[in-house]
Amino acid sequence: MDLPCLLVRHQTQPHSTPLESRLYPSPVTGECLHLKYLPFSPDHRVRTYYVVLQAGQISFRAALDTGSADFWLTSTACTTSTCMSVPRYPLTYASPTFVSINNNETAFSVSYADGTGASGFVARETVEVANVTVANQAFGVVTNSNITLVSEVSGILGLGFSRQSEISTRAANATPFFSTLAQQGILEYPIFGLSLTRNATGTFTLGAIDVSVVQNVSQVVWNEVVSFSPVGTQTNTSGYFFWAIRMSSFAVNGTQYTPQPTYPGPSDNSSIALLDVGTPGLYGPYQDVTRLYSSFPSSRLVDESGQWAIPCDSSATMSFSFGDGNTFVLEPTDYIIGPAEGNPDLCLSWPKAAPPSADGIDWLLGTIAYVLINFLCSYGIDYQETPMIGLYPRNNASAPVQPFSVVESSLASESATIATTLPNFVLSTPTYTTPSYAFNTSVPAVYGEIAQSELATSTYSPLIAINATALPQVTGAYTLLVTNSNGAVVTSTYQISQPSVTLGVPPGWTSAASRSVPGAGLAISVLIALVAGTWII
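Residues numbered from 1 in each chain as written. Predicted model: local features only at pLDDT ≥ 70, side-chain atom pairs only at ≥ 80, totals over all residues. Heavy atoms only, no water.

**Side note on the overall build of the protein chain**
Looking only at helices and strands, one finds eight helices and 36 strands in the protein chain. Considering only contacts in the protein chain between residues 6 or more positions apart, those separated by 24 or more positions represent 74%. Accessible surface computed for the protein chain: about 19,600 Å², of which carbon and sulfur atoms make up 50%. (Helix = DSSP H or I, 4+ residues; strand = E, 2+ residues; numbered from the N terminus. Contact = heavy atoms within 4.5 Å. Areas by Shrake-Rupley, 256 points an atom, 1.4 Å probe, with all protein chains shown as cover.)

**With respect to the state of the cysteines**
According to the stated counting rule, one finds two disulfides in the structure shown. Across the disulfide, C78 is cross-linked to C83 (sulfur-sulfur distance 2.1 Å). Note on the C78 and C83 pair: the S-S dihedral is about 75°, so by sign convention the disulfide is right-handed. A relative accessible area of 0% means that C78 is categorised as buried. By relative accessible area, C83 is classed as buried at 1%. A sulfur-sulfur separation of 2.1 Å characterises the disulfide bridge that pairs C312 with C347. On the S-S bond that ties C312 to C347, the torsion sits near 105°, and the link is right-handed. Residue C312 is located in the loop between β22 (308-311) and β23 (318-321), and its partner C347 is located in strand β26 (residues 343-349); the two are separated by 35 residues in the primary sequence. (Disulfide = S-S within 2.5 Å. Buried < 20%, exposed > 50% of the residue type's maximum accessible area, 1.4 Å probe, protein only.)

**Quick notes on the nonpolar core**
With 122 residues, the main nonpolar core has L157 and F320 as its most contacted residues. Those residues in contact with L157 that sit more than four places away from it in its chain are V51, L53, A62, A63, L64, D65, D70, F71, V129 and F177. (Core = buried A, V, L, I, M, F, W, Y, C linked by side-chain atoms within 4.5 Å.)

**Focus on the pattern of salt bridges**
If you walk through the whole model with that rule in mind, you get four salt bridges. Put simply, E454 and R163 hold a salt bridge, and the shortest N to O gap is 2.7 Å. One end of the pair, E454, is in the loop between α7 (404-413) and α8 (464-467); the other, R163, is in the loop between β11 (153-158) and α2 (167-170), and 291 residues separate them in sequence. For E454, a relative accessible area of 32% gives the class partly exposed. Residue R163 is classed as buried on the basis of its relative accessible area, which comes to 8%. In this structure, the salt-bridge partner of R291 is D288, at a minimum N-O distance of 2.7 Å. Placement of both R291 and D288 in helix α4 (residues 286-293) is noted, with a separation of three residues, approximately one turn of the helix. Here D288 falls in the buried class, since its relative accessible area comes to 0%. (Salt bridge = Lys/Arg side-chain N within 4 Å of Asp/Glu carboxyl O.)

**Some thoughts on the sheet that holds β26**
With respect to topology, four strands assemble into an open sheet ordered β21-β22-β26-β25, the strand pairing being antiparallel. With partners counted over all chains shown, the strands left at the sheet margins are β21 (300-301) and β25 (336-340), one partner each. One ladder, built from two bridges, connects β21 with β22; its direction is antiparallel. Within the sheet, the bridge partner assigned to L301 lies in β22 and is W308. Across the sheet, α4 lies against β22 and β26, angled at about 10° from β22, the strand it touches most. Each of β25 and β26 touches α7; the most contacted strand, β25, lies at about 75° to it. (Pairing = 2+ DSSP bridges. Axes fitted to C-alpha atoms, helices over the stretch in contact; angles between N-to-C directions.)

**Overview of unusual backbone geometry**
That bond from W350 to P351 is cis: its omega, 0°, falls within 30 degrees of zero. The topology assignment puts P351 in the loop between β26 and β27 (352-354). The backbone of N103 shows a phi angle near 55°, a positive value even though the residue is not glycine. Residue position: N103 is located in the loop between β7 (99-100) and β8 (107-111).

**Notes on the packing of aromatic side chains**
Applying the stated rule across the entire model yields 33 aromatic pairs. A centroid spacing of 5.7 Å and a plane angle of 65° characterise the contact between Y89 and F139, whose relative ring orientation is edge-to-face. Taken together, the residues span a long stretch of sequence, with Y89 in the loop between α1 (81-84) and β7 and F139 in strand β10 (residues 132-145) at a distance of 50 residues. In this arrangement the basic side chain of R246 is found over the ring face of Y447, its NZ or CZ atom lying 3.7 Å from the centre. (Phe/Tyr/Trp six-rings, centres within 6.5 Å; stacked < 30°, edge-to-face > 60°. Lys NZ or Arg CZ within 6 Å of the ring centre and 35° of its normal.)

**Describing the environment of C377**
With respect to the helices and strands, the residue C377 is situated in strand β29 (residues 373-378). Using a relative accessible area of 2% as the deciding quantity, one classes C377 as buried. Separated by 14 residues in sequence, C377 and L391 have C-alpha atoms that sit 9.1 Å apart. When near neighbours in sequence (up to four residues on either side) are disregarded, C377 contacts P190, I191, F192, W243, M388 and I389.

From the geometry alone we can't say anything about function, so treat these as descriptive.
Structure follows, in structure tokens:
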């Protein structure tokens, strides 16, 4: 089945950003354990990618997030200033496809390490992304929030696994959006792809590979997603939580280092990296980041958040490797954030260092990685195929390092100076107590295991290990084949188009405050607007 791609547009503004927490359902109380997400500084210029979708035939922008699983939107019941600044799901509109759960008393909440959060209730609504429609999709209806949302983004569309979902623990048959697509066999293959850029167009595909960007499918290197033991006694089987894979090494100008995992036992002495489009930059554990910066003369730790600074004229490549043939390379313009205003010869740099996280994830690869590599995420098939991440680098790993003139020009064009003055003394590397591991290792997680449930329906035939080049492909015109409610296969073909949509306004309503924006998301379109915005999820 040929399925849609997303056109990426770009805009960048400074903003205040919340720090995300990863959530794990508590096996005892049903509440969530809030494990601190890898931190970052709010003054760094970042980008968020969002999609225009429909909930009950009402258009919204929702930020894509591979680091979480749930879909939520702000609603008109939320009257805080942060909610009022974006289009909201109108509860006063009697959507014919809205379904209440427990009289709207099933609680939903998200929280962040900076103290911001949102809460509300769980309900169901018909959700449409391009021409892919899911009826009765469970989502969080936010009624109270102090999270700053900008760029007209009204919520988050999580693309993670069911075990990461809070909503799934709150209501029956409430799987996340992509899980529903995979488990109901709505797509031709349970796969999505992301190909993002800083300043130009990119694609998001559902059910297929966009061969306009992945031009040689045979060169995609597939990595098995890491499985985890359960949290407490929530289940007696291991399974999948995150789009996370094993990192085998990292290097600076060819000097190679072996990662040192925080929890070597549960991870088979392997370092685990989470791929998260909802986070900017690059983060790693202190034990690795400190060694990485030892290859940069005159580099130093400059604040307690794990931020390092290096000379702005540093000439070195960074590289990160996953398995065999999976290496992506960062040039200075990729990892240098910008010069410090009070110390213009020193530049803040990625990666940042983070304290140990109880989930055992040491490295977090954010949008830096997504603009250097095309990512393909296969959900896995019950009884037959493990979840996989395919990596297809865009740049030449053997290309020479950029000269400083290129870096200097890039920093000037982006006005990247950071309004800060660095300390005039050397900070010592902090020490942390490693928290107890969050998962129940009495139920072992076996790398490469094939789950018997929770993945895509077993009616799919596995292709990746057998013949990945046979995976569905799209390019140019898009032919959509879906099974309708009557069981009939419906086929329609569209060219890429870019109609205007109005955000947050139900059919037949008008609003002086409505936002008409370019970007597909209408039922007849296969092009979905995706914009690099300014809010980090």
